[in-house]
Number of protein chains: 2
Amino acid sequence: MPASQTSGISILLVDDHPVVRQGYRRVLEHQGDFRVVAEADNAADAYRAYKSHAPDVVVMDISMPGASGLEAIRNIRQRSAGARVLVFSMHSEAALVKAAFGAGASGYVTKSNEPTVLIAAIRSVARGEHAMSDDVAHVLAMESLTPSGSVLDQLGEREIEILRQLAAGSTTEQIAVNLNLSMKTVQNYHYLIKTKTGMRTDAQLVRLAVECGLTSL
Amino acid sequence: MPASQTSGISILLVDDHPVVRQGYRRVLEHQGDFRVVAEADNAADAYRAYKSHAPDVVVMDISMPGASGLEAIRNIRQRSAGARVLVFSMHSEAALVKAAFGAGASGYVTKSNEPTVLIAAIRSVARGEHAMSDDVAHVLAMESLTPSGSVLDQLGEREIEILRQLAAGSTTEQIAVNLNLSMKTVQNYHYLIKTKTGMRTDAQLVRLAVECGLTSL
DNA sequence: GCGAAGCTCGGGAAATTTTCCCAACGAAGC
DNA sequence: GCTTCGTTGGGAAAATTTCCCGAGCTTCGC
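Just so you know, these numbers come straight off a predicted model, no measurement behind them. Note on numbering: residues in each chain are counted from 1, in written sequence order. Chain labels run from A onward and ligand labels from 1 onward, assigned in the order the entries are written. Residue-level local features of this predicted model are given only where pLDDT is at least 70; pairs of side-chain atoms are given and counted only at 80 or more, and the full residue set underlies all totals for whole chains, interfaces and linings. Processing note: side-chain calculations cover all non-hydrogen atoms of the structure and skip hydrogens and water entirely.

A look at the packing of helix 9 (residues 183–197) of chain B against helix 10 (residues 202–211) of chain B
All names here are of chain B.
Here is step 1 of the chain: The interhelical angle for the contact between helix 9 and helix 10, taken along N-to-C directions, is 70°, at an axis separation of 11 Å. Relative to helix 10, helix 9 is oriented roughly perpendicular. Facing helix 9, whose interface residues are His190, Ile193, Lys194 and Thr197, helix 10 presents Asp202, Leu205 and Leu208. Between N-to-C directions, angles span 0 to 180 degrees; the directions come from axes that are lines fitted to C-alpha atoms, helices contributing only their stretch in contact. Here a helix means four or more residues in a row that DSSP labels H or I, a strand means two or more in a row labelled E, and each is numbered from the N terminus. When an angle is under 35 degrees it counts as roughly parallel; over 145 it counts as roughly antiparallel; between 65 and 115 it counts as roughly perpendicular; any other value is oblique. The contact criterion used throughout is that any non-hydrogen atoms of two residues lie within 4.5 Å.

Here's what the structure looks like:
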């Protein structure tokens, strides 16, 4: 309800890098009708700043140290259901995007886009629409083509367990002992998991496992 | 020795995020005597842009996809020993900083600093001095106090770069192409890194790289 | 009850990679 | 000048990966 009626769009900038914030601020204010009314560099401050300034749009990088931006989005939306949060992130993994919208974001734009894309997205979000940059849409679209929601749905129980242990750093032999299987079987699963998920290296498998919440760090 | 005598400091901006570049450009050009004469979003373009514009200072983010900024720094310095490269990164691990200076950087500032720090560093570097933001100096200082620094200190520049790419999910072949090495050499490094760090699987290597801030997610 | 479908478990064999050891070169240090 | 160290790769045996295949077990629908 507060939403500055003075004209223009008021913005809260959340990013943990001061120089980056400063840069955004200039880019955005170069548009005549944008006003950056506050900045924050962490989730807690973002919440406080939102409460006191009630900006039209929150532009937020969700990869911040400590409590992530997702938490901040949830907090803000909890207290003010009409809040518009536009996520502005380096990452475009499907899981992250879903999590962001799940937490209540109104838009998602990656930093690999031209400034015009961000600006357009802010206007859309301010109008109450949802916005998403092309690359993000692409990732989500590809992902939704798999009949399963998550990549993990293509995998059986054993496969998931073995993927988890692989990602945790266990050797083939350790896994074989842990699960009472022959090394050959573990190797076969290892290969099967890679082909099913389309990952080409073990490092990619680790990242996949982390993304899917199978393991942490 | 082209160095624009027209006055002011000419700058080449290297960062893989367009919006971020745009932001820096505005922040920097807001200083009357800075001129951003070119931009690049990858190592190869950075090298080409350097050749054709011969800027006074290169401001570079070293965490880019593919061949990293370290490669770019080496290339640039190889052809023009007087080149001044100021690294502008999100990360401040001692090993990365050392690798950057080892590759020929003249300065290192993290993105968690205020714009004034970056600006001051650019002026220092342009003057031929070396520059480093306080947080980077702090990390290096602390590191030099502990005889047992990070695991990464046992690794050479090449090893660190290859570890980074391995952890990012690159295949042996991709790394060989990126760094212009034979696959055999990359395999040898891969093995060497595992023995030096004591990691037994690639998954453990990924976790190590993440812990050391070499890569994210 | 019976066949199809889908996991789970492993053998086999060729292709690749990993694992070590070694050599050569240049740069840095003593 | 000599040694050490990082970088680059060859060689060759050992190990792993990559596919393909079959067999046992369950589940499911008909």
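This is not the end of the story, as more comes after the structure.
Section: the protein's contact with DNA strand D
Here is step 1 of the chain: Definition of nearness: a residue and a molecule or strand are near each other if at least one heavy atom of the residue lies within 4 Å of the molecule or strand. Around DNA strand D, 15 residues are found, and the nearest of them are A:Tyr191, B:Arg158, B:Lys184, B:Thr185 and B:Tyr189.
Here is step 2 of the chain: Backbone atoms, meaning sugar and phosphate, make up 64% of the atoms of DNA strand D lying within 4 Å of the protein.
Here is step 3 of the chain: Within the contact set of DNA strand D, a phosphate oxygen lies 3.5 Å away from a side-chain nitrogen or oxygen of A:Lys194.
Here is step 4 of the chain: Here a polar contact means two N or O atoms within 3.5 Å. Within protein one must be a hydrogen donor candidate and the other an acceptor candidate, and residues neighboring in sequence count only if both atoms are side-chain atoms. One nitrogen or oxygen atom from the side chain of B:Tyr189 is found 3.3 Å from a phosphate oxygen belonging to DNA strand D.
Here is step 5 of the chain: When contributions to the surface near DNA strand D are tallied by element, the ones reaching two or more residues are helix 9 (183–197) of chain A together with helix 7 (157–168) and helix 9 of chain B.
Here is step 6 of the chain: Top element by residues in the surface near DNA strand D is helix 9 of chain A. It accounts for 6 residues.

Focus: the pairing of strand 3 (residues 57–60) of chain B
All names here are of chain B.
Here is step 1 of the chain: Note on classification: 1.4 Å probe, protein chains only; a residue is buried when its accessible area is under 20% of the maximum for its type, exposed when over 50%, partly exposed between these limits. Burial along strand 3 is two-sided: Val57 and Val59 facing one way and Val58 and Met60 facing the other are all buried.
Here is step 2 of the chain: Two strands are counted as paired when DSSP detects at least two bridges linking them. Bridge analysis of strand 1 (residues 9–14) against strand 3 gives 4 bridges, and the strand direction is parallel. Residue Val14 lies in a different strand from strand 3, and its bridge partner there is Met60.

Quick look at the packing of helix 7 of chain B against helix 9 of chain B
Residues and elements named next belong to chain B.
Here is step 1 of the chain: One way to put it is that helix 7 packs onto helix 9 with a least axis distance of 10 Å and a crossing angle of 95°. Considering their axes alone, helix 7 and helix 9 lie roughly perpendicular with respect to each other. The segment helix 7 lies against helix 9, with Arg158, Glu159, Ile162, Leu163 and Leu166 engaging Tyr189, His190, Leu192, Ile193 and Lys196.
Here is step 2 of the chain: The residue classification treats Ala, Val, Leu, Ile, Met, Phe, Trp, Tyr, Cys and Pro as nonpolar and Asp, Glu, Lys and Arg as charged. All others, Gly included, are polar. Classifying every residue of the contact of helix 7 with helix 9 gives 6 nonpolar, 1 polar and 3 charged.

What about the sheet that holds strand 4 (residues 85–89) of chain B?
Residue and element names in this part refer to chain B.
Here is step 1 of the chain: Strand order in the open sheet formed by 6 strands is 2-1-3-4-5-6, and the pairing between neighbours is parallel. On the outer flanks of this sheet lie strand 2 (34–40) and strand 6 (131–132), each paired with one strand and no other.
Here is step 2 of the chain: Against the sheet, helix 2 (residues 43–53) contacts strand 1, strand 2 and strand 3, and its axis sits at roughly 135° relative to strand 2.

Quick notes on the interface of chain B and chain A
Here is step 1 of the chain: Listed by partner, the interface residues are 36 residues for chain B and 37 residues for chain A.
Here is step 2 of the chain: Buried surface at the junction of chain B and chain A, summed over both partners, amounts to about 3,200 Å²; 68% is from carbon and sulfur atoms.
Here is step 3 of the chain: Just to be clear on terms, a salt bridge is a Lys or Arg side-chain nitrogen sitting within 4 Å of an Asp or Glu carboxyl oxygen. The interface formed by chain B and chain A holds 0 salt bridges in total.
Here is step 4 of the chain: Taken together, chain B and chain A are joined by 10 residue pairs in polar contact (both at pLDDT 80 or more).
Here is step 5 of the chain: At the level of secondary structure, the elements contributing two or more residues to the side of chain B that touches chain A comprise helix 1 (18–30), helix 5 (115–126), helix 7 and helix 10 of chain B.
Here is step 6 of the chain: Among the elements that take part in the side of chain B that touches chain A, helix 1 of chain B stands out by supplying 9 residues, more than any other.
Here is step 7 of the chain: Its residues assigned to classes, the side of chain B that touches chain A comprises 16 nonpolar, 13 polar and 7 charged. Note on terms: buried area is the combined drop in 1.4 Å-probe accessible area of two parts once they are placed together, counting the loss on both.

A look at the pattern of salt bridges
Here is step 1 of the chain: Within this structure, the stated rule accounts for 23 salt bridges over all chains.
Here is step 2 of the chain: The partner of A:Lys111 in a salt bridge is A:Asp15, with the nearest N and O atoms 3.1 Å apart. Taken together, the residues span a long stretch of sequence, with A:Lys111 in the loop between strand 5 (107–110) and helix 5 (115–126) and A:Asp15 in the loop between strand 1 (9–14) and helix 1 (18–29) at a distance of 96 residues. Accessibility classification places A:Lys111 together with A:Asp15 in one group, the buried group.
Here is step 3 of the chain: The residue B:Glu161 makes a salt bridge to B:Arg164 at a minimum N-O spacing of 3.2 Å. Remark: B:Arg164 and B:Glu161 occur in helix 7; sequence separation between them is 3 residues, near one turn of the helix.
Here is step 4 of the chain: Residue classification places B:Glu161 among the buried positions, given a relative accessible area of 2%.
Here is step 5 of the chain: Bridged by salt links that share partners, the residues A:Arg21, A:Arg25, A:Glu29 and A:Glu39 form one connected network.

Keep in mind that these numbers describe shape and distance, not what the molecule does.
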